[in-house]
Amino acid sequence: MKIKKKILAQGAEAKIILLKENKETFVIKDRIKKSYRINFLDEKLRKKRTKAEIKLLKKAAVIIKCPAIKEEEIYKIKMEFIEGKKLSDNLDDFPIEKQKKIFKKIGASIAKLHSRNIIHGDLTTSNIISKEKEIYIIDFGLGFISDKIEDKAVDLHLLKQALEAKHFKNSGVLFKIFLKEYSKNYESSNQV
């Protein structure tokens, strides 16, 4: 079996590793040990956060497009690799009509998550991938379950801020399209 690994990113919480096994490609999210934390507390926290992310990914996968989980470990999640374009790096290069279509899909997807009380927690264009005519929401590491309107509003506010900061040229138009589609697809009566 031919295996190749490459670190794609390293954040404060985890390393993101690209894994090629024969002809398949995966992403591994490996929650890293924090030397400043007491050992048993660090282990407990990393285990709890990994379990919570797995739970959210599984719930989200039946509602929207997001990476499928392939394997679970105590501190690691092996997921499907979405070979597409990360919006944070590519959105501004797309024609405006394509940007609008993307934000319609994002509005519908986030409304469906929120209708089932799934809060993403880090809703930025860095965590959205465009692949062909679909969008995928990734990285539920800061996500949680909540029926509070305030928590849902924070998700939306974060996306608005990300648009204004990184994609300011069309941010107003794109956020309006997002909100219109979000409003159409949000169902407040659904529960987890």
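These remarks concern the structure in this document. In this text the structure is predicted, and so the values were computed from the model without any measurement.

**Examining the sheet that holds strand 5 (residues 76–80)**
With respect to topology, five strands assemble into an open sheet ordered 1-2-3-5-4, the strand pairing being antiparallel. Looking along the sheet, the strands with just one partner apiece sit at the ends: strand 1 (3–10) and strand 4 (69–72). Ignoring strand direction, the axes of neighbouring strands in this sheet form an average angle of 25°. As defined by bridge partners, strand 1 adjoins strand 2 (residues 14–21) across seven bridges and the pair is classed as antiparallel. Looking across to strand 2, one finds that Ile7 is bridged to Ile17.

**A word on the packing of helix 3 (residues 96–115) against helix 4 (residues 149–166)**
For the pair helix 3 and helix 4, interaxial distance at closest approach is 11 Å and the crossing angle is 160°. When the axes of helix 3 and helix 4 are compared, the pair comes out roughly antiparallel. Both helix 3 and helix 4 take part in a crossing whose hand is right-handed. Residues Phe103, Ile106, Ile110 and His114 of helix 3 form the contact with helix 4, whose participating residues are Lys152, Asp155, Leu156, Leu159 and Leu163. Among the residues forming the contact of helix 3 with helix 4, the class breakdown is six nonpolar, one polar and two charged.

**So, the packing of aromatic side chains**
Per the counting criterion, the structure on display carries three aromatic pairs. A centroid spacing of 5.5 Å and a plane angle of 20° characterise the contact between Phe175 and Phe178, whose relative ring orientation is stacked. Taken together, the residues Phe175 and Phe178, both in helix 5 (residues 171–185) and three residues apart, mark about one turn of the helix. A single burial state applies to Phe175 and to Phe178, both of which are buried. For the pair Tyr182 and Tyr186, a centre-to-centre distance of 5.6 Å together with 20° between the ring planes defines the contact as stacked. Relative accessible area serves as the criterion here: at 23%, Tyr186 is assigned to the partly exposed category. Just above the ring of Phe26 sits the side chain of Lys78; from NZ or CZ to the centre is 4.4 Å. A cation over an aromatic ring shows up here: Lys98 above the ring of Phe94, its NZ or CZ 4.1 Å from the ring centre.

**Overview of helix 1 (residues 39–61)**
Here helix 1 contains 23 residues, and its C-alpha end-to-end distance of 33 Å stays within 8% of the 33 Å for a straight helix at 1.5 Å per residue. Within the sequence span of helix 1, burial applies to Asp42, Arg46, Thr50, Glu53, Ile54, Leu56, Leu57 and Ala60. Buried residues belonging to helix 1 abut strand 3 (24–31), strand 4, strand 5, helix 3, strand 7 (118–119) and strand 10 (144–145).

**Topic: the sheet that holds strand 8 (residues 128–131)**
Spatially, the three strands line up as an open sheet ordered 6-8-9, and their pairing is antiparallel. Each edge of the open sheet is held by one strand with a lone partner, namely strand 6 (85–86) and strand 9 (134–137). Sheet topology places strand 8 next to strand 9; four bridges connect them, and they run antiparallel. If you follow Ile129 over to strand 9, its bridge partner there is Tyr136.

**A closer look at the nonpolar core**
Residues Phe103, Ile106, Ile110, Phe140 and Phe178 are the most contacted members of the largest nonpolar core, which totals 32 residues. At the level of secondary structure, the elements contributing two or more residues to this core comprise helix 1, strand 5, helix 3, strand 9, helix 4 and helix 5. Take this core: its biggest share by element is six residues, from helix 3. Ignoring sequence-local partners within four residues, the contact set of Ile110 consists of Leu123, Ile137, Leu156, Phe178 and Tyr182.

**Observations regarding the environment of Lys48**
Considering the arrangement of structural elements, one finds Lys48 in helix 1. Residues Lys48 and Ile74, spaced 26 residues apart in sequence, show a C-alpha to C-alpha distance of 8.9 Å.

**Quick word on the packing of helix 4 against helix 5**
Where helix 4 contacts helix 5, the two axes come as close as 9 Å, and the packing angle between them is 155°. What the angle tells us is that helix 4 and helix 5 run roughly antiparallel. Note on packing geometry: the crossing formed by helix 4 with helix 5 is right-handed. The segment helix 4 lies against helix 5, with Lys152, Leu156, Leu159, Lys160, Leu163 and Glu164 engaging Ser171, Leu174, Phe175, Phe178, Leu179 and Tyr182. Tallied by class, residues from the contact of helix 4 with helix 5 come to eight nonpolar, one polar and three charged.

Cut-off values and rules
Residues numbered from 1 in each chain as written. Predicted model: local features only at pLDDT ≥ 70, side-chain atom pairs only at ≥ 80, totals over all residues. Heavy atoms only, no water. Pairing = 2+ DSSP bridges. Helix = DSSP H or I, 4+ residues; strand = E, 2+ residues; numbered from the N terminus. Axes fitted to C-alpha atoms, helices over the stretch in contact; angles between N-to-C directions. Parallel < 35°, antiparallel > 145°, perpendicular 65-115°, else oblique. Left-handed = near helix turned anticlockwise from the far one by under 90°. Contact = heavy atoms within 4.5 Å. Nonpolar A, V, L, I, M, F, W, Y, C, P; charged D, E, K, R; others polar. Phe/Tyr/Trp six-rings, centres within 6.5 Å; stacked < 30°, edge-to-face > 60°. Buried < 20%, exposed > 50% of the residue type's maximum accessible area, 1.4 Å probe, protein only. Lys NZ or Arg CZ within 6 Å of the ring centre and 35° of its normal. Expected span 1.5 Å × (residues − 1). Core = buried A, V, L, I, M, F, W, Y, C linked by side-chain atoms within 4.5 Å.

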